[in-house]
Amino acid sequence: MSELPGDLVEEILCRVPTTSLNRLRYTCKRWNRLFNQRRFTRKHLDKAAKQFLVLMLKQRRVCLMSVNLYGIPSLEVKGELSLIDPHSSVDQFMIFHVSHCDGLLLCNNVKKDRIVVWNPCTGETRWIQPRKIGYYVLGSYQDKKYDNTSYKILCCCDCDYNEFEIYEINSNSWRTLDFTLECDMDCNEWSMSLRGKSYCFASDEKEEHLGIFLVSFDYTTERFERLPLPYKCSFYEATSLSVVRDEKLSVLLELENTSRTEIWVTNKIDHETKVVSWSKVLTVDLKPELYNCYGVSFLVDVEKKILMCCDINFSEEFNCKHMDMVYIVGEDNKVEKVNFGLPLSLPCLFNYVPSMTQIQQG
């Protein structure tokens, strides 16, 4: 390898999957310097084959999961990802909520007064002091000044769901967004980011005929837009958002007075997408196994048509206690239940694509 031209070595390395590439960091100083260049990490993010992992927030820790969807489906903890808290006597940071984008995780604690941007693959972190307490979500945008992809944090303030603050990682600064949002957002469900936008559910009292819809926030223009759901409905028994293979949105909908749960997926979404369309991929009946609620986390395998749904449930099978439960169900409507013990907070399943993305330090 040392005899090959530098540009050829770079072209080879930028196609190596992330988890393998990270192990090569200490092969030589030359490669380590290359991996520390933001130009290379961006090139690698664009060209390398993506690895799709499943993570789960349980017991206020982020865990790597092993998923088997063949035969009798199963889900088990493969390992715990360590996030050390430098400002606490307790080694591990107690995570309450997670947002993710480009291989970076945004984590906040229970009090919502401390947040951290974390790359579990490289171990790099950036601790940030919020200006106000609220719900946080991480998103990307193209920074023209630095000619690269950078990141912002959107905060929906607890005191007023119509008050928003934005944090720019490049400039290390918070500022208040100056506009009035003419709809009611469910900020508890701010968590899904995809291709430079974040999404949540919303409604408008002045236009009730629109029913429940989605609102997206664009991190480049810093503006909100409305996005219709597959059909209009003024009330759903349950709603939730997910991301499919880092390129599509997925929505879980359960209509009122029915046990039928529907999973819909959009067309592929990128920075050039102008029109979003929906297609239904799965319909299941989860009752009485699971009583869905707003914000329950889920993942869907579109090809195998299998749903994994995560919730806290009261179980007679496990000594009548509330347990962290994952339900795996396919088209045959057979439900496999996996118990993950007593809950400390609402469990959360999400897809994760590891990357070498660097975090701009203050």
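Residues numbered from 1 in each chain as written. Predicted model: local features only at pLDDT ≥ 70, side-chain atom pairs only at ≥ 80, totals over all residues. Heavy atoms only, no water.

Student: Break down the packing of aromatic side chains for me, citing the residues and quoting the values.
Tutor: Throughout the structure, instances matching the rule amount to nine aromatic pairs. Geometrically, the ring pair formed by Phe217 and Phe224 is tilted, given 5.0 Å between the ring centres and 55° between the ring planes. Its relative accessible area of 0% is what places Phe217 among the buried residues. A relative accessible area of 15% places Phe224 in the buried class. Ring geometry for Tyr231 and Trp264: centres 5.9 Å apart, planes at 75°, overall edge-to-face. (Phe/Tyr/Trp six-rings, centres within 6.5 Å; stacked < 30°, edge-to-face > 60°. Buried < 20%, exposed > 50% of the residue type's maximum accessible area, 1.4 Å probe, protein only.)

Student: I'd like a description of the sheet that holds strand E10 (residues 164-168), backed by residues and values.
Tutor: Spatial strand order, E8-E9-E10-E11: four strands in an open sheet with antiparallel pairing. The open sheet has two edge strands, strand E8 (134-143) and strand E11 (173-176), and neither has a second partner. On average, each strand axis in the sheet is tilted by 25° relative to the strand beside it, whichever way the strands run. Relative to E11, E10 runs antiparallel, the two sharing four bridges. Each residue of the ladder has a partner; that of Glu165, found in E11, is Thr176. (Pairing = 2+ DSSP bridges. Helix = DSSP H or I, 4+ residues; strand = E, 2+ residues; numbered from the N terminus. Axes fitted to C-alpha atoms, helices over the stretch in contact; angles between N-to-C directions.)

Student: Describe the sheet that holds strand E7 (residues 125-128), naming the residues involved and giving the relevant values.
Tutor: The sheet built from four strands is open, its strands ordered E4-E5-E6-E7 with antiparallel pairing. Of all strands in the sheet, those bounded by a partner on one side alone are strand E4 (97-101) and E7. Mean inter-strand twist for the sheet, computed between neighbouring axes without regard to direction, equals 20°. Looking at chain direction, E4 and strand E5 (residues 104-108) are connected through five bridges and run antiparallel. Across the sheet, Ser99 pairs through a bridge with Leu106, a residue of E5.

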